[in-house]
Amino acid sequence: MYGNIRIEQNQSGKPMPNLKENLGFGKLFTDHMFMMNYEEGQGWHDPRIIPYGPISHDPAAMVFHYGQAVFEGMKAFRTENDEVVLFRPDQNAKRLNRSSERLSIPQLDEEFVVRAIQELVHLDAAWVPKKEGSSLYIRPFIIATEGVLGVRPSLTYSFIIIMSPVDAYYEEGLQPINILVESYYARSVQGGTGNAKVAGNYAASLKAQMLAKEHNCAQVLWLDAIEKKYLEEVGSMNVFFKIGGEVVTPSLSGSILEGITRGSIIHLLKEWGIPVSERKISIDDIVKAHADGTLEEAFGTGTAAVVSPIGSLLWNGTPMVVNHGEIGELVERLYTTITGIQSGKLPDTFGWLLKV
């Protein structure tokens, strides 16, 4: 489907950074990128890998005016056996199509998306770092490119994949973070775009994120937009709580993104025989659990950070400290297991890894 992927090698190449030193997150980019175009009547066509560089678009391109843009985030890892692997890329391809459907963007063949990622990573495999905790972050995205001012779906699109060698998302490592429970701004609403990975969701979150920093908090815990009481996501991550021995996470109500790490966490918990449920959780439930001492752990999950322990929740000006502000045993076990599978230190008994 779509024909063979044409490859144009970057003859000049970039100076290769020292992948053993500080890479930051999303600041360096590999030699090549993938591109493919869509035109109504022709469909997706001309898949190609070309040297990484600027792209040119009409100032009237619809993505600039109407926000028709979706993206994904995933990683490639170098294992202890020096193999390069992807973590559940088929799930990212499925979610990319779900996001596209929400914004009336034409669907892509999911097997082809995975193959395009494989070929790009294979070509730039030298950029996959070996340092513990580091990886090659992969960003597939689709943008509307038709140069027309008018509120309707674009007739042309570009599907692009870029890649960046990165350190662990949090420079300080796996450390509990402080979270502001946001009671005014909302991330999304049922029937909106919260369950799709669209660019506008992240732009709309920035104001509350700035407020969180003013309160010395790293991120925001979002409440539902209607009743302002039910928990949704923490920053751009799914959120989990361990209460009285049971792990609970907000159910996918239509305003919450279905995270691939979230699904992996739920799978692991069930394998381990740890009670886990997906249901509506109110902030009052968390306040009560904190007061009666049954709130044992809290954490966010996502591709970038994998697992991020929550040390405290700031609600109505009062901090609720979780597990004495320390990393809990469950968070440690989940983080060690997922990163262990990704690095090849632990066996991939679930078939989550795809070799490049």
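Residues numbered from 1 in each chain as written. Predicted model: local features only at pLDDT ≥ 70, side-chain atom pairs only at ≥ 80, totals over all residues. Heavy atoms only, no water.

(A) Representation of the pattern of salt bridges within the structure. Taken as a whole and judged by the stated rule, the model has 16 salt bridges. The shortest N-O distance in the salt bridge between Arg 115 and Glu 119 comes to 3.2 Å. Here the residue Arg 115 and the residue Glu 119 both occupy positions in helix H3 (residues 110-123), the gap between them amounting to 4 residues, near one helical turn. Given a relative accessible area of 30%, Arg 115 falls into the partly exposed group. Exposure remark for Glu 119: the relative accessible area of 26% places this residue in the partly exposed category. The residue Glu 132 makes a salt bridge to Lys 345 at a minimum N-O spacing of 3.3 Å. Residue Glu 132 is located in the loop between H3 and strand E7 (135-144), and its partner Lys 345 is located in the loop between helix H7 (329-343) and strand E18 (353-355); the two are separated by 213 residues in the primary sequence. A single salt-bridge network, built from bridges that share partners, covers Arg 6, Asp 46 and Arg 48. (Salt bridge = Lys/Arg side-chain N within 4 Å of Asp/Glu carboxyl O. Helix = DSSP H or I, 4+ residues; strand = E, 2+ residues; numbered from the N terminus. Buried < 20%, exposed > 50% of the residue type's maximum accessible area, 1.4 Å probe, protein only.)

(B) Region of the structure containing the layout of surface pockets. Approximately 1000 Å³ is the volume attributed to the largest pocket. Taken together, 41 residues line the largest pocket, and the ones lying closest to its centre are Arg 139, Tyr 169, Tyr 202, Ser 236 and Ala 304. Among the elements of the structure, E7, strand E8 (156-166), helix H4 (199-214), strand E10 (219-223), strand E11 (231-234), strand E12 (237-243), helix H5 (260-271) and strand E15 (295-302) are those that each provide at least two residues to the lining of the largest pocket. Residue contributions to the lining of the largest pocket peak at 7 residues, all from H4. Volume-wise, the second largest pocket comes out at about 620 Å³. As for the second largest pocket, its lining consists of 33 residues, of which Glu 132, Gly 133, Ser 134, Tyr 335 and Thr 339 are closest to the centre. Considering each element in turn, the lining of the second largest pocket owes the most residues, 6 residues, to H7. In terms of residue class, the lining of the second largest pocket is built from 13 nonpolar, 12 polar and 8 charged. (1 Å grid on protein atoms, 1.4 Å probe; cavity = no way out; pocket = protein on both sides within 12 Å on 5 of 7 lines; lining within 4 Å. Points joined across faces, edges and corners; volume = space filled by probe spheres on them. Nonpolar A, V, L, I, M, F, W, Y, C, P; charged D, E, K, R; others polar.)

(C) Focus on the packing of helix H2 (residues 89-102) against H3. It is at 9 Å that the axes of H2 and H3 come closest, and there the two elements cross at 125°. One element, H2, and the other, H3, form an angle in the oblique class. Here H2 runs over H3; the crossing is right-handed. Contacts between H2 and H3 involve Pro 89, Asp 90, Ala 93, Lys 94 and Asn 97 on the former and, on the latter, Glu 110, Val 113 and Val 114. (Axes fitted to C-alpha atoms, helices over the stretch in contact; angles between N-to-C directions. Parallel < 35°, antiparallel > 145°, perpendicular 65-115°, else oblique. Left-handed = near helix turned anticlockwise from the far one by under 90°. Contact = heavy atoms within 4.5 Å.)

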